[in-house]
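Structural characterization, general
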Amino acid sequence: MSAQKLYRFIPFRSADILAMCRAEGRLNDEALGRFDQAAAYIQQSFKDEFHTLRNELKNIYFPLDPDADTRQVEIGSKASEGDQSLVSKLETLLERANYERVGPEALAAAMESASLFHIRLAVDMEDYAEVLLYTRGASARSEVLTGPLGLWKKAVSFVNYDRVVLYLRFKDDIEDNKGMASYRPGAVMLKLFQNVPDADLEMLFPNTRVGMRLRDKLMIGIPALISGGIVLTTKLGATLVLLGSLIGFWLGMSSEAVTLDRNAVLALLAGAGTLGAYFWKQFSSFKNRKLRFTEALTRNLYFKLLDNNSGVLLRILDDAEESEIKESVLALYFMMASPGPIAAAALDQDIERWFDQRWGYQMDFEIADALDKLEYLGLAKCQNGIWQVLPVSA
């Protein structure tokens, strides 16, 4: 059995990380004062950086935003150029926010897996010029699926994602695609979801189609065949005899003429009406069952959707800023709590052990990235593979 994959995401707020570090009591009053000063410097530095980045992303995304309610002035770069810049910046931002990309192969496998939602879903990926899917906070779960009338039960295991970010760029001819005319050609859509099983990722796409599984078709088809046989043998018996006689006479298979009097015509009309009503009932049963599936899908998505489009960008920006602060503060604190200069590998082990033993959370701390940030901010330096803290510049 393979070891469980560890993720980079730290499931605590930056304010809580600061409080958790201070509560450890491993720094004296003088060192704690220096730590607070450095932590404040870290927070302000990333606040300034992300304020600038937020304005850049808002300007890049505006001409691509399907929800924009302000007019666009055609000055500067074209939307296609802005889209490429947006993709590059978005991928970097999601990486900084500790999201994990779902590659094309993994996405295709998820599309083929059986849905936990008890319905059949299909997505036409040809509607999109580009698709990006990122997840964060994955956990292994299990669920017991129950069959019709509770006749059978099946335990299934799956990966559940706490957060899922979906980036979609529609093709330029999207107006020609059935059911997608409400999306502007070439527009970019961003969606943020929560609590999504890996087997149900296809439900997140706007062109998801709800289909009927074989089991659902049988549940409608078998009763329809049985009731159809009853209708044919009881209510349509006389009509079928009359039709058979007419067809036999017209084809020359019978020499006995059939008289179409008033009663015969009424019998034919009654039979046709009965048959039409039966087919309409079966068609309505099929459509209503499919409608119930669609309504169930809509209700499910209502509770999973967290944000759309520009709102997603703002959330990710906040997540990335929080992640950068948390990683930097943790690396700084554990360097200051160390008896002396420390190697990156040892510092990494200290932090991961602390989360595991003190807070019951196993993770893969990004020590190299955290130390690079501290070095860039002038709060740490490396000499011969050994790291030490530097005082905050006045």
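Everything in this summary refers to the structure shown in the same document. (Residues numbered from 1 in each chain as written. Predicted model: local features only at pLDDT ≥ 70, side-chain atom pairs only at ≥ 80, totals over all residues. Heavy atoms only, no water.)

Our next topic: the sheet that holds strand E9 (residues 380–383). Taken together, three strands build an open sheet; the order of strands is E8-E10-E9 and the sheet is antiparallel. Only two strands of the sheet have a single neighbouring strand rather than two, namely strand E8 (342–343) and E9. Here E8 pairs with strand E10 (residues 386–389) via two bridges, running antiparallel. Looking at the pairing, Ala343 lines up with Ile386 of E10. Sitting on the sheet, helix H8 (residues 310–337) is in contact with E8, E9 and E10, with an inclination near 95° to E10. (Pairing = 2+ DSSP bridges. Helix = DSSP H or I, 4+ residues; strand = E, 2+ residues; numbered from the N terminus. Contact = heavy atoms within 4.5 Å. Axes fitted to C-alpha atoms, helices over the stretch in contact; angles between N-to-C directions.)

Moving on, we come to the pattern of salt bridges. Evaluated as defined, the whole model comprises 19 salt bridges. Salt-bridge contacts for Asp36 lead to Arg22; the nearest nitrogen and oxygen are separated by 2.9 Å. Of this pair, Asp36 sits in helix H2 (residues 29–61) while Arg22 sits in helix H1 (residues 14–22), and the two are 14 residues apart along the sequence. One salt bridge connects Glu327 with Lys373, and the closest N-O pair in it is separated by 2.8 Å. Remark: Lys373 occurs in helix H10 (residues 367–376) and Glu327 occurs in helix H8; sequence separation between them is 46 residues. For the pair Glu327 and Lys373, a shared accessibility class is recorded, and that class is buried. A cluster of three or more residues bridged by salt bridges with shared partners is formed by Glu49, Arg96, Glu324, Glu327, Asp369 and Lys373. (Salt bridge = Lys/Arg side-chain N within 4 Å of Asp/Glu carboxyl O. Buried < 20%, exposed > 50% of the residue type's maximum accessible area, 1.4 Å probe, protein only.)

A word on the nonpolar core. Membership of the largest hydrophobic core comes to 63 residues, with the highest contact counts inside it found for Phe35, Leu86, Leu330 and Phe355. Per-element tally for this core: the top contributor is H8, with 15 residues. Among all residues touching Leu86, those that are not within four sequence positions of it are Leu57, Ile60, Tyr61, Leu64, Tyr167, Val188 and Leu313. The next biggest cluster of nonpolar side chains, apart from the first, holds 20 residues, and it includes Val102, Leu166, Leu168 and Leu201. (Core = buried A, V, L, I, M, F, W, Y, C linked by side-chain atoms within 4.5 Å.)

Take H10 next. Buried within H10 are the following residues: Ile367, Ala370, Leu371, Lys373 and Leu374. The arc that holds every buried residue of H10, seen down its axis, measures 155°, which confines them to one face. Facing away from the buried side of H10 by over 90 degrees, the exposed positions are Ala368 and Tyr376. Residues of H10 that are buried make contact with H2, H8, helix H9 (344–359), E9 and E10. Gly378, located one to two residues past H10, shows a positive phi value of around 75°. (Arc of directions from axis to C-beta.)

Below, the discussion takes up H1. Three or more residues of H1 are buried, namely Ser14, Ile17, Leu18, Met20 and Cys21. Seen end-on, H1 carries its buried residues on one side only, within an arc spanning 165°. Tucked inside the fold, the buried residues of H1 contact H2, H8 and H9.

What follows is about the packing of aromatic side chains. Throughout the structure, instances matching the rule amount to nine aromatic pairs. On the numbers, 5.4 Å between centres and 85° between planes, the contact of Tyr333 with Phe334 is edge-to-face. We classify Phe334 as buried; its relative accessible area is 2%. An aromatic cluster is defined as three or more aromatic residues linked by ring pairs; in this entry it consists of Phe12, Phe35, Tyr333, Phe334, Trp354, Phe355 and Trp359. Across from the ring centre of Phe9, 3.9 Å away, lies the NZ or CZ of Arg136, which sits over that ring. Here the guanidinium or amino end of Arg358 rests over the ring plane of Trp359, the centre of that ring lying 4.4 Å away. (Phe/Tyr/Trp six-rings, centres within 6.5 Å; stacked < 30°, edge-to-face > 60°. Lys NZ or Arg CZ within 6 Å of the ring centre and 35° of its normal.)

In this structure, E9 lies alongside E10, joined through four bridges in antiparallel fashion. Residue pairing in the sheet places Lys381 in a bridge with Gln388 of E10. What sits between the antiparallel neighbours E9 and E10 is a turn of two residues, in which Asn384 has the positive phi angle 55°.

Turning to the environment of Asn160, a few remarks are in order. By secondary structure assignment, the location of Asn160 is in strand E4 (residues 153–170). Sequence-distant contacts of Asn160, that is, excluding residues within four places in its chain, are made with Gly137, Ala138, Ser139, Arg141, Asn195, Val196 and Pro197. Polar contacts involving the side chain of Asn160 include one to the side chain of Asn195, which spans 2.7 Å. (Polar contact = N/O pair within 3.5 Å; in protein donor to acceptor, adjacent residues only side chain to side chain.)

Quick look at the packing of H8 against H10 now. One way to put it is that H8 packs onto H10 with a least axis distance of 9 Å and a crossing angle of 85°. Here H10 runs roughly perpendicular to H8, going by the angle between their axes. For the pair H8 and H10, contact is made by Glu324, Glu327, Ser328, Ala331, Leu332 and Met335 and by Asp369, Ala370, Leu371, Lys373 and Leu374, respectively. Of the residues in the contact of H8 with H10, the class split is six nonpolar, one polar and four charged. (Parallel < 35°, antiparallel > 145°, perpendicular 65-115°, else oblique. Nonpolar A, V, L, I, M, F, W, Y, C, P; charged D, E, K, R; others polar.)

With that settled, the discussion passes to the environment of Phe35. Its location among the elements puts Phe35 in helix H2. Residue classification places Phe35 among the buried residues on the basis of a relative accessible area of 0%. Spatially, the C-alpha atoms of Phe35 and Arg22 are 9.0 Å apart, while their sequence positions differ by 13 residues. Beyond its immediate stretch of four places on either side in the chain, Phe35 contacts Leu18, Cys21, Arg22, Leu27, Val329, Leu332, Tyr333 and Met336.

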